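Results of the structural survey
Each chain is listed here by its residues.
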Amino acid sequence: SQQGEEDPQALSIQEGENATMNCSYKTSINNLQWYRQNSGRGLVHLILIRSNEREKHSGRLRVTLDTSKKSSSLLITASRAADTASYFCATDPNQAGTALIFGKGTTLSVSS
Amino acid sequence: DTGVSQDPRHKITKRGQNVTFRCDPISEHNRLYWYRQTLGQGPEFLTYFQNEAQLEKSRLLSDRFSAERPKGSFSTLEIQRTEQGDSAMYLCASASRVAVHGDEQFFGPGTRLTVL
């Protein structure tokens, strides 16, 4: 079963615009991670935010985490055509060594 | 660092045949995971190794599935008597030897299995 639910399922924007994706989850977590997947390929790790953090930045990425609402958001600023991909949030439950639990993902399309 | 590699990248087989996939993790990583991803879904956990020990298996891992990591390095995932429902992308990921709980997982390119 999948814990995370991303919203929206699909997002289409123009180059230069910002893209915001949301993720909700069900159980307590140790951390939450965002991954990108280009069509038919493996996943690339983008950013990890721990349960005691509220916001994190990496380049054009900004992630927030609200553990009281069990939700996270990923903001991509000044999007580029190369950002076109599927984006997944993955939660790491409070158990040592266990696997990540992924949502169904948001498909982002950035047109030039 | 050559990253996580998987072989083959694509496999087409007939229903009822056995298939085996290989994963080579990043060399210093002691944790290795197998996931399965179907179209339009996120990856779903199958099994997890720490060194050579298989510590966790998902209920998705039916009796027809078996995974090994004999020397704590590469891993194999075998599916016996394949069914059409096994068609999916099989992803391998590894994570650091440094036991900081919750480190990122590094994913391979995946093996896409098509069962006819």
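All figures in this text were calculated on a predicted structure; none of them were measured in a lab. (Residues numbered from 1 in each chain as written. Chains lettered and ligands numbered in written order. Predicted model: local features only at pLDDT ≥ 70, side-chain atom pairs only at ≥ 80, totals over all residues. Heavy atoms only, no water.)

Thoughts on the nonpolar core
To keep things clear, this is the line we draw: In this text, buried Ala, Val, Leu, Ile, Met, Phe, Trp, Tyr and Cys residues form a nonpolar core when linked through side-chain atoms within 4.5 Å. Burial status follows relative accessibility: with a 1.4 Å probe on protein chains alone, a residue under 20% of its type maximum counts as buried, one over 50% as exposed, and anything between as partly exposed. Secondary structure follows DSSP: runs of H or I at least 4 residues long count as helices, runs of E at least 2 residues long count as strands, and numbering of each begins at the N terminus. In what follows, a contact means two residues having at least one pair of non-hydrogen atoms within 4.5 Å.
Counting 22 residues, the largest nonpolar core has A:Leu32, A:Trp34, A:Leu74, A:Ile76, A:Tyr87 and A:Leu108 as the members making the most contacts within it. Sorting the residues of this core by element identifies β2 (10-14), β3 (19-24), β4 (29-37), β5 (43-50), β7 (61-66), β8 (71-76), β9 (85-93) and β11 (106-111) of chain A as the ones contributing at least two each. Those residues within four positions of A:Leu108 in sequence are excluded, and the remaining contacts are A:Leu11, A:Ile13, A:Ala19, A:Met21, A:Ile76, A:Asp83, A:Thr84, A:Ala85 and A:Tyr87. Core analysis: the second largest hydrophobic core is formed by 19 residues, B:Ile26, B:Leu61, B:Leu113 and B:Val115 among them.

So, the packing of aromatic side chains
Residue and element names in this part refer to chain B. The line we're drawing: Centre distance within 6.5 Å is the pairing criterion for rings of Phe, Tyr and Trp, where only the six-membered ring of Trp is used; planes under 30 degrees apart are then read as stacked, over 60 as edge-to-face, and the remainder as tilted.
Within the structure shown, the criterion is met by ten aromatic pairs over all chains. An angle of 20° between the planes, with centres 4.8 Å apart, marks the rings of Tyr-33 and Tyr-48 as stacked. With Tyr-33 in strand β4 (residues 31-37) and Tyr-48 in strand β5 (residues 44-50), this residue pair connects regions lying 15 residues apart in the sequence. Judged by relative accessible area, Tyr-33 falls into the buried class, the value being 0%. A relative accessible area of 3% places Tyr-48 in the buried class. Ring centres of Tyr-35 and Phe-107 lie 5.4 Å apart, and the angle between their planes is 40°; on these two criteria the pair is classed as tilted. A residue pair is termed long-range when its members are at least 10 positions apart, and Tyr-35 in strand β4 and Phe-107 in strand β10 (residues 106-107) qualify at 72 residues.

Quick look at the sheet that holds β3(A)
All names here are of chain A. As a reminder of what qualifies: In short, DSSP must find at least two bridges between two strands for them to pair. Interaxial angles span 0 to 180 degrees and are taken between N-to-C directions of axes, which are lines fitted to C-alpha atoms, for helices over the stretch in contact.
Reading across the sheet, the five strands line up as β1-β3-β8-β7-β6 and stay open at both edges, with antiparallel pairing between neighbours. One side of each edge strand has no neighbouring strand; the edge strands of this open sheet are β1 (5-7) and β6 (55-58). Ignoring strand direction, the axes of neighbouring strands in this sheet form an average angle of 15°. Relative to β8, β7 runs antiparallel, the two being bridged by six bridges. If you follow Leu-61 over to β8, its bridge partner there is Ile-76.

Some thoughts on the state of the cysteines
As used in these notes, a disulfide is a covalent bond between sulfur atoms, one from each of two cysteines. Residue and element names in this part refer to chain B. Operational definition: Cysteine sulfur atoms that come within 2.5 Å of each other are treated as a disulfide pair.
Within this structure, the stated rule accounts for two disulfides over all chains. Between Cys-23 and Cys-92 runs a disulfide, and the two sulfur atoms are separated by 1.9 Å. With the S-S bond torsion at -65°, the cross-link from Cys-23 to Cys-92 turns out left-handed. Taken as a pair, Cys-23 in strand β3 (residues 19-24) and Cys-92 in strand β9 (residues 88-95) lie far apart in primary sequence, 69 residues in all.

Some words on the confidence of the model for chain A
So the rule is basically this: Confidence per residue, as judged by the predictor, is encoded in pLDDT with a range of 0 to 100.
Per-residue pLDDT for chain A has a mean of 91; in total, 92% of the residues score no lower than 70. Here β1(A) stands out as the least confident element of chain A, with mean pLDDT 84; β7(A) is the most confident, with 98.

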